[in-house]
Amino acid sequence: IAHQNPKVVVGAVCTYGDKVLLCQRAIEPCIGKWGYPQGFLELGETTRQGAARETLEEAGVQFDAANAKLLAIYNLAGMQVQMIYFVALESDKFEAGHESSDVKFVGWDDIPWDELAFPTVQWGLEHAKNMFRADSLIVQERTKLVTMDGQWRVEE
């Protein structure tokens, strides 16, 4: 039996002080666009471990996966399930990995909203910005699906 299953994407919205870490993509899709570190979960790792690995690979930033807090779950029409975490970093040191052409910390008001790689990146950054000073983190869940007439619809 051949199964086609959705891919699991993991990512981390990382902050240092009042700034958020962004990576400029050096690979397709969306080369040149910005986002937080994210990528496909690998066999044998938890979603938190995957988010930490992707952050190390794309931005040269290390964090303890146990400190990652679930920020959002995005279900994309049976194609992907995205698990996005929030992490307050202990250092502002970074180094662009081979999948990033640039890495930087920016203020929340300086995020290049018109240059983000994917709609889910915008969702995650907007939610993180809203939760940044909150006493407790509320997990955002969104579902993007295709309607019977072939149109995309987003549900909260």
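Computed from a predicted model, the values in this text were never measured in an experiment.

**Student:** Any chance you could break down the overall build of the protein for me, citing the residues and the numbers?
**Tutor:** Scanning the protein for helices and strands turns up two helices and nine strands. The C-alpha extent of the protein, read off along each of the three principal axes, is 45 × 35 × 30 Å. Residue burial in the protein is summarised as follows: out of 156 residues, 42% are buried. Relative to all contacts within the protein whose residues are 6 or more apart in sequence, the contacts with residues 24 or more apart total 64%. Here the protein displays about 8,900 Å² of accessible surface, and carbon together with sulfur accounts for 50% of that area. A distance of 2 Å separates the average location of the 14 positive side-chain charges in the protein from that of its 23 negative side-chain charges.

**Student:** Run through empty space enclosed by the protein, naming residues and quoting values.
**Tutor:** Going through the model one piece at a time under the given rule, you end up with one cavity of 30 Å³ or more. Considering only enclosed or pocket space, the largest cavity measures out at about 80 Å³ in volume. Forming the walls of the largest cavity are Cys23, Gln24, Arg25, Ile27, Gly35, Tyr36, Gln38, Glu58, Glu99 and Ser100. In terms of residue count, strand β2 (residues 19-25) provides more of the lining of the largest cavity than any other element does, three residues in total.

**Student:** Account for the nonpolar core, with residues named and values stated.
**Tutor:** Counting 20 residues, the largest nonpolar core has Val13, Ile111 and Leu125 as its most contacted members. For this core, the elements supplying multiple residues, two or more each, are β2, β5 (69-76), β6 (80-88) and α2 (119-131). The contacts of isoleucine 111, once residues within four sequence positions are left out, are Val20, Leu22, Val106, Leu116 and Leu125. One finds Val10, Cys23, Ala65 and Val103 within the second-largest nonpolar core, a separate group that totals 18 residues.

**Student:** Describe the packing of aromatic side chains, with residues and values.
**Tutor:** Inspection of the entire model under this criterion finds four aromatic pairs. Centroid distance tyrosine 16 to phenylalanine 105: 6.2 Å. Interplanar angle 55°. Geometry classified as tilted. On the criterion of sequence distance, the pair formed by tyrosine 16 in strand β1 (residues 7-16) and phenylalanine 105 in strand β7 (residues 100-107) is long-range, its members being 89 residues apart. Since its relative accessible area comes to 15%, phenylalanine 105 is described here as buried.

Calculation notes
Residues numbered from 1 in each chain as written. Predicted model: local features only at pLDDT ≥ 70, side-chain atom pairs only at ≥ 80, totals over all residues. Heavy atoms only, no water. Helix = DSSP H or I, 4+ residues; strand = E, 2+ residues; numbered from the N terminus. Buried < 20%, exposed > 50% of the residue type's maximum accessible area, 1.4 Å probe, protein only. Contact = heavy atoms within 4.5 Å. Areas by Shrake-Rupley, 256 points an atom, 1.4 Å probe, with all protein chains shown as cover. Lys, Arg positive; Asp, Glu negative; His and termini not counted. Charge placed at Lys NZ, Arg CZ, Asp CG, Glu CD. 1 Å grid on protein atoms, 1.4 Å probe; cavity = no way out; pocket = protein on both sides within 12 Å on 5 of 7 lines; lining within 4 Å. Points joined across faces, edges and corners; volume = space filled by probe spheres on them. Core = buried A, V, L, I, M, F, W, Y, C linked by side-chain atoms within 4.5 Å. Phe/Tyr/Trp six-rings, centres within 6.5 Å; stacked < 30°, edge-to-face > 60°.

By themselves, these are just geometric observations and shouldn't be taken as functional.
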